[in-house]
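Structure at a glance
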Amino acid sequence: MESALSPKSIINVAAICGSLRKASYNRGLIRSAIDLTTNQSVTGMSINYIDISPLPMLNTDLEIDGKYPQSVTTFRDQILQSDCFLFASPEYNYSVTAPLKNAIDWASRPPNVWADKAAAIVSAGGGFGGGRSQYVLRQSGVYLDLHFINKPEFFLNAFESPAKFDDEGNLIDLEAKERLKSVLNALKAFTLRLNNK
């Protein structure tokens, strides 16, 4: 049986940020990941940022005659057409953000469009660098049948010196960019492995 992806295939990555703020550090991580693929530092991947801000709060009353609101249908189609996922997850109250949880829940409505795909998580924030949100997201992934890479982990304390981001939320720390590159390469390898079952 031929696999859906070969090592020469371009892997389509859906990048989802749990913060809606334009200058969010977590959104900056996604912009940096996109830059790494467009400047050929990481090859064989195409990253598409998916804006989750148009999604209404989950309410099954909005599902009429088996159909979802248009913004939800568009989002679900983008998830379905992706080979894997890159989550940038800030930590709010030791958990994921409400917009991210909302997006996860909409895409898990029948049929679950997350299932059997690879994913990676990156986080930036204070203290633990958003790490606790990753544990919550991984827990949800068990039910969703998402397969997260385990290593390398990426937590970034955004407030340590030297500066990690500029005033517009763009990642400027070279060491962090190298770590992000390692995450993307691991996600690529794991995605190919899952598709070569």
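Shown above is the structure to which this text applies.
Let me sum up the structure you'll find in this document. If you're wondering where the values come from, they're calculated on a predicted model, not measured in any experiment. Starting from 1, residues in each chain are numbered consecutively following that chain's sequence as written. Per-residue local features are limited, in this predicted model, to residues with pLDDT of at least 70; the limit for side-chain atom pairs, both in listing and counting, is 80 or more; totals at the level of whole chains, interfaces and linings are taken over all residues. Heavy atoms throughout the structure, all of them, feed into the side-chain values; hydrogens and water do not.

**Concerning helix α4 (residues 131-144)**
- Secondary structure is summarised from DSSP: a helix means a run of H or I of at least four residues, a strand means a run of E of at least two, and numbering begins at the N terminus for each. How far a helix is expected to stretch is found by multiplying one less than its residue total by 1.5 Å. For α4, with 14 residues, the first-to-last C-alpha span of 20 Å sits near the 20 Å given by 1.5 Å per residue.
- In the core, the buried residues of α4 are packed alongside β3 (84-88), α3 (98-108), β4 (117-125), β5 (146-148) and β6 (155-157).
- Asp 145 lies just past α4 and shows a positive phi near 65°. Contact criterion: two residues are considered in contact whenever any of their non-hydrogen atoms come within 4.5 Å of each other.

**Quick look at unusual backbone geometry**
- Residue Pro 111 is reached from Pro 110 by a cis peptide bond, and omega for that bond is -10°.
- Cis rather than trans, the peptide bond between Ser 161 and Pro 162 has omega equal to -5°.
- Topologically, Pro 162 is positioned in the loop between β6 and α5 (174-195).
- Of note in this structure, Gln 40 is not a glycine but carries a positive phi near 70°.
- Secondary-structure assignment places Gln 40 in the loop between α1 (25-38) and β2 (45-50).
- Even without being glycine, Asn 93 reaches a positive phi, approximately 50°.
- The residue Asn 93 is located in the loop between β3 and α3 in this model.

**A short note on the pattern of salt bridges**
- Each salt bridge in this description consists of a side-chain nitrogen of Lys or Arg and a carboxyl oxygen of Asp or Glu lying within 4 Å of one another. The final tally for this structure, using the stated rule, is 3 salt bridges.
- Among the ionic pairs, Arg 132 bridges to Glu 91, the shortest N-O distance being 3.0 Å. Placement of the pair is Arg 132 in helix α4 and Glu 91 in the loop between β3 and α3, with a sequence separation of 41 residues.
- Relative accessible area serves as the criterion here: at 23%, Glu 91 is assigned to the partly exposed category.
- Here Asp 105 ties to Lys 101 by a salt bridge, and the two come within 2.8 Å at their closest N and O atoms. A residue pair is termed a helical-turn pair when its members lie 3 or 4 positions apart in one helix, as Asp 105 and Lys 101 do in helix α3 at 4 residues.
- Type-normalised accessible area, obtained with a 1.4 Å probe on protein chains alone, sets the label of each residue: buried when under 20%, exposed when over 50%, and partly exposed for intermediate values. Residue Lys 101 is classed as partly exposed on the basis of its relative accessible area of 36%.

**Re the packing of aromatic side chains**
- In this scheme Phe, Tyr and Trp rings, the latter by its six-membered ring, pair at centre separations within 6.5 Å, and the angle between planes marks the pair as stacked below 30 degrees, edge-to-face above 60, and tilted otherwise. By the definition in use, this model includes 10 aromatic pairs.
- Arranged with centres 6.0 Å apart and planes meeting at 90°, the rings of Tyr 68 and Trp 106 form a pair that is edge-to-face. Note that Tyr 68 is positioned in the loop between β2 and α2 (70-80) and Trp 106 in helix α3, a separation of 38 residues in sequence. Take Tyr 68 and Trp 106: they sit in the same class, and that class is buried.
- Ring plane angle 45° and centroid distance 6.3 Å describe the contact between Phe 85 and Phe 87, whose orientation is recorded as tilted. The burial state of Phe 85 is the same as that of Phe 87; both residues are buried.

**A closer look at the side chain of Lys 164**
- With respect to the element layout, Lys 164 can be found in the loop between β6 and α5.
- For the purposes of these results, a polar contact is taken to be a pair of N or O atoms within 3.5 Å, where, inside protein, one atom must be able to donate a hydrogen and its partner to accept one; residues adjacent in sequence count only when each atom of the pair is a side-chain atom. A distance of 3.1 Å separates the side chain of Lys 164 from the backbone oxygen of Pro 162, its partner in a polar contact.

**Some remarks on the packing of α2 against α3**
- Direction vectors running N to C along α2 and α3 enclose 80°, while the axes themselves pass 9 Å from each other. The orientation of α2 with respect to α3, classified from their angle, is roughly perpendicular. Contacts from Val 72, Phe 75, Arg 76 and Ile 79 of α2 reach α3 at Ala 103, Trp 106, Ala 107 and Ser 108.
- Side-chain classes follow a simple rule in which Ala, Val, Leu, Ile, Met, Phe, Trp, Tyr, Cys and Pro form the nonpolar group, Asp, Glu, Lys and Arg form the charged group, and the remainder, Gly included, forms the polar group. Of the residues in the contact of α2 with α3, the class split is 6 nonpolar, 1 polar and 1 charged. Lines are fitted to the C-alpha atoms to define the axes, a helix being fitted only along its stretch in contact, and any angle between axes, read from their N-to-C directions, falls within 0 to 180 degrees. Note that the term roughly parallel is reserved for angles under 35 degrees, roughly antiparallel for angles over 145, roughly perpendicular for angles of 65 to 115, and oblique for everything else.

**Things to note about the pairing of β2**
- At least two bridges found by DSSP between two strands is the condition for calling them paired. One ladder, built from 6 bridges, connects strand β1 (residues 11-17) with β2; its direction is parallel. Bridge pairing links Ala 15 to Tyr 49 in β2.
- We call a crossover right-handed when, viewed with the strands running away from us, the connection from the first strand over the helix to the second turns clockwise. Note on the crossover from β1 through α1 to β2: the handedness is right-handed.

Everything listed here is a matter of coordinates, which is why it stays silent on function.
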